[in-house]
Amino acid sequence: MGMQNHQIAGFLAQVADLLEFQGANPFRTRAYRHAARAIGDLAEPVTEILADGDRRLNDLPGIGKDLAEKVATLVETGSLPLLDELLAEIPESVLALLRIAGLGPKKAAVLYRELGIQNLDQLRAACQEGQVRQLKGFGPKSETTILAGIDLAAQAEQRTRWAEADAIVTQLLDHLGQCQAIRQLEPAGSYRRGRETVGDLDLLVDSDDAAVVMDHLAAFPGVAQIIARGDTKMSLRLDSNLQVDLRVVPTESFGAALQYFTGSQAHNVVLRGLAKKQGLKVNEWGVFRIKDEEETYLAGASEQEVYATLGLPWFPPELREARQEFDWAASGELPKLIELADIRGDLHMHTNATDGRASLREMIAAAVDRGLEYIAVTDHSQRVSMAGGLTAERLLAQWAEIDRINQQAPGIVVLKGIECDILEPGGMDLPDDVLAQADWVVASVHYGQNQSQQQITDRIVGALANPHVDAIAHPTGRLINRRKPYEVDLEAVFQAAVEHGKMLELNANPARLDLDDVALAAARRHGIPIVVNTDAHGCEQLDVMRYGVLQARRGGLTRADVANARPWNEFQTLLG
Ligand code: DGT
Ligand code: CA
Ligand code: CA
Ligand code: ZN
């Protein structure tokens with residue numbers, strides 16, 4: 001079983017951190033950081049490229065020859081000699097020091113060398129005892145800053161989940177909507193790109209009167225602290241601890257600024273390079289022609305014209321990560337991304353027969369209200385005793401009830417489903433003769449999540465081989481900010497899904513979003529149908545579908561890639 005891209009990326013990122021701490025050549029550090037990112041974002045397994053005699057890893061952007069060799073060694077042997085050397089020299093707990101606001105890697109290195117500080121507790125003590133101020137380049141103020149940084153570190157590590165940021169954005173837009181001085185208003189940054197978590201919120205305003213706009217924003221009820229205020233920029237912190245960056249720009253630059261501050265930074269770097277080749281310059285003020293050291297403004301009022309002036313299509317923000325979008329644009333293959341209105345069904349939800357809050361009939365009525373054509377009711381199986389998982393007997397009784405409801409023409413097709421646990425030693429939690437009577441089976445792992453890569457991958461691949469299983473639910477088990485994914489080898493899962501003609505779930509719960517964007521792009525490459533499910537445990541949770549659709553868009557999925565975007569008769573055909 002080969003090493004996965006995210007594991008390789010993790011090794012390289014760690015090397016970059018440690019090199020930076022050691023004060024190594026910045027170009028060298030950056031090369032490792034770029035390579036980590038390039039590989040982490042790749043929709044294709046590095047192991048596959050390495051195994052292909054006709055291809056070379058250093059043909060990938062961001063990966064030089066030397067690094068390609070190191071990656072090959074890493075994949076072959078499972079370790080990186082350079083990383084082992086670095087780790088032998090620096091204790092791992094020191095890495096936490098690098099992440100403190102107001103303490104760069106260079107200063108962290110001084111603290112380590114001069115005071116022997118190896119972890120946050122030691123750093124806190126040294127600050128409190130006044131040892132840090134005695135070092136060259138530090139003072140009493142540094143101690144205060146570092147102490148505040150330590151307190152912040154725990155929270156700052158946590159990026160805000162998109163859905164939470166979205167609730168705040170709605171309030172902010174409501175509030176700013178009442179400001180007369182605002183002509184146009186758009187949230188930008190990672191929020192607009194639909195990233196699963198948001199570091200801070202970037203708001204862009206078109207106005208002639210920045211002072212009035214800033215006063216208005218400062219009066220937002222949720223403001224905890226104004227961090228900084230200039231002529232056209234303001235940063236503040238909300239009670240929820242989320243930082244908001246506001247920028248006010250003139251109308252002729254609004255599109256250029258929206259483009260610039262939507263990012264991603266990596267996308268913008270590529271864009272500037274393409275502009276330069278055409279003798280153009282692009283920044284937050286507009287697109288300019290440069291001739292004889294004179295700059296002529298060509299465009300900037302709208303994003304469309306910014307991209308068009310550079311000979312490019314308008315990119316949906318979700319794709320702006322410098323992954324595949326520029327290649328797609330060059331070959332005219334920019335995908336038409338899936339939209340919420342395309343979704344026709346929802347194939348994973350719970351009732352109060354297990355751990356859901358609503359009854360079977362209430363869930364069905366709520367799905368009808370939302371205009372769905374078909375749903376599958378998928379309560380837990382018996383192994384999930386905590387959730388009151390269903391025995392075969394209780395499940396068959398629920399299915400009989402579903403048969404009765406379907407006979408009463410409820411205005412929706414209700415599939416007799418089950419979320420069947422994949423047992424720890426492998427195998428399904430319900431007998432085959434029971435599963436055979438289901439219309440739809442999603443299989444999932446809830447126990448033994450810490451098993452080895454081999455064990456957990458075998459379990460999931462085994463479930464895909466079961467003829468009654470239709471899809472794997474939340475295939476990696478990660479919970480954003482809370483729980484890491486299982487050690488599962490997704491590439492092996494993709495191959496098994498293809499072999500057995502199965503689907504994979506994109507669980508739309510905003511704490512899960514599982515598969516994630518990079519994995520979705522990989523699944524799409526394999527032609528695996530993705531089913532975007534809410535996993536609703538109550539009627540209102542049927543509305544989380546939109547978070548799933550947003551993640552699907554980041555994975556580059558079109559309507560054709562999403563199984564439950566098909567009308568019922570076509571979905572039925574897919575089920576076989
Ligand atoms: P976040 O806040 O960590 O979730 O991620 P972003 O993408 O929202 O990043 P942020 O808030 O630092 O900046 C917003 C956008 O502004 C970013 O996506 C690209 C642009 N930007 C900011 N700083 C720079 C920079 O130094 N260089 C370039 N090229 N673009 C930048
Ligand atoms: Ca941001
Ligand atoms: Ca920002
Ligand atoms: Zn579930």
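Computed from a predicted model, the values in this text were never measured in an experiment.

Engineer: Describe in detail the nonpolar core, supporting the description with residues and values.
Structural biologist: Core analysis: the biggest nonpolar cluster contains 95 residues, and Leu201, Leu246, Ile375, Phe494, Leu504 and Ile530 have the highest contact counts within it. If you tally residues by element for this core, the top one is helix H10 (residues 162-176), at seven residues. Each of domain 2 (160-249) and domain 4 (340-575) gives at least three residues to this core. Ranked by size, the runner-up nonpolar core spans 46 residues in total, among them Ile39, Ile49, Ala126 and Phe138.

Engineer: How would you explain the coordination of the zinc ion (ligand 4) if you had to name every residue and give the values?
Structural biologist: Every protein donor of the zinc ion (ligand 4) is listed here as His348 (NE2), His350 (NE2), Glu419 (OE) and Asp535 (OD), and their distances to the metal cover 2.1 to 2.3 Å. Around the zinc ion (ligand 4) sit four donor atoms, and with donor-metal-donor angles ranging over 80 to 166° the site reads as irregular. Positions of the donor residues of the zinc ion (ligand 4) along the chain correspond to the pattern H-x1-H-x68-E-x115-D. Of this pair, His348 sits in the loop between strand S11 (345-346) and helix H17 (360-369) while Glu419 sits in strand S13 (residues 413-421), and the two are 71 residues apart along the sequence. Each member of the pair, His348 as well as Glu419, carries the same accessibility label: buried.

Engineer: Kindly report on unusual backbone geometry, identifying the contributing residues and their values.
Structural biologist: Here the bond from Gly263 into Ser264 is cis, since omega is -5°, no more than 30 degrees from zero. Looking at the element boundaries, Ser264 is found in the loop between helix H13 (254-262) and helix H14 (265-277). With an omega dihedral of 10°, the bond running from Asp514 to Leu515 counts as a cis peptide bond. You can see Leu515 is positioned in the loop between strand S16 (503-507) and helix H22 (517-525). Non-glycine residue Asn241 carries a positive phi angle of around 85°. By secondary structure assignment, the location of Asn241 is in the loop between strand S6 (233-238) and strand S7 (243-249). Classification of Asn241 as partly exposed rests on a relative accessible area of 28%. The backbone phi angle of Glu293 is positive, close to 60°, even though this residue is not glycine.

Engineer: Please set out the pairing of strand S17 (residues 530-533) residue by residue, giving values where relevant.
Structural biologist: A two-sided burial pattern is seen for S17, the buried positions comprising Ile530 and Val532 on one face and Val531 and Asn533 on the other. Pairing analysis gives four bridges linking S16 to S17, with the strands arranged parallel. In the sheet register, Glu505 faces S17, and the bridge partner there is Val531. Assessed by its sense of winding, the connection that carries the chain from S16 through H22 to S17 is right-handed.

Cut-offs used in this document
Residues numbered from 1 in each chain as written. Chains lettered and ligands numbered in written order. Predicted model: local features only at pLDDT ≥ 70, side-chain atom pairs only at ≥ 80, totals over all residues. Heavy atoms only, no water. Core = buried A, V, L, I, M, F, W, Y, C linked by side-chain atoms within 4.5 Å. Buried < 20%, exposed > 50% of the residue type's maximum accessible area, 1.4 Å probe, protein only. Helix = DSSP H or I, 4+ residues; strand = E, 2+ residues; numbered from the N terminus. Domains from an automatic or database assignment. Donors = N, O, S within 2.8 Å, 3.2 Å for Na, K, Ca; no water. Tetrahedral: all angles 85-135°; square planar, octahedral: opposite > 155°, others 65-115°. Pairing = 2+ DSSP bridges. Right-handed = clockwise from strand over helix to strand, strands pointing away.

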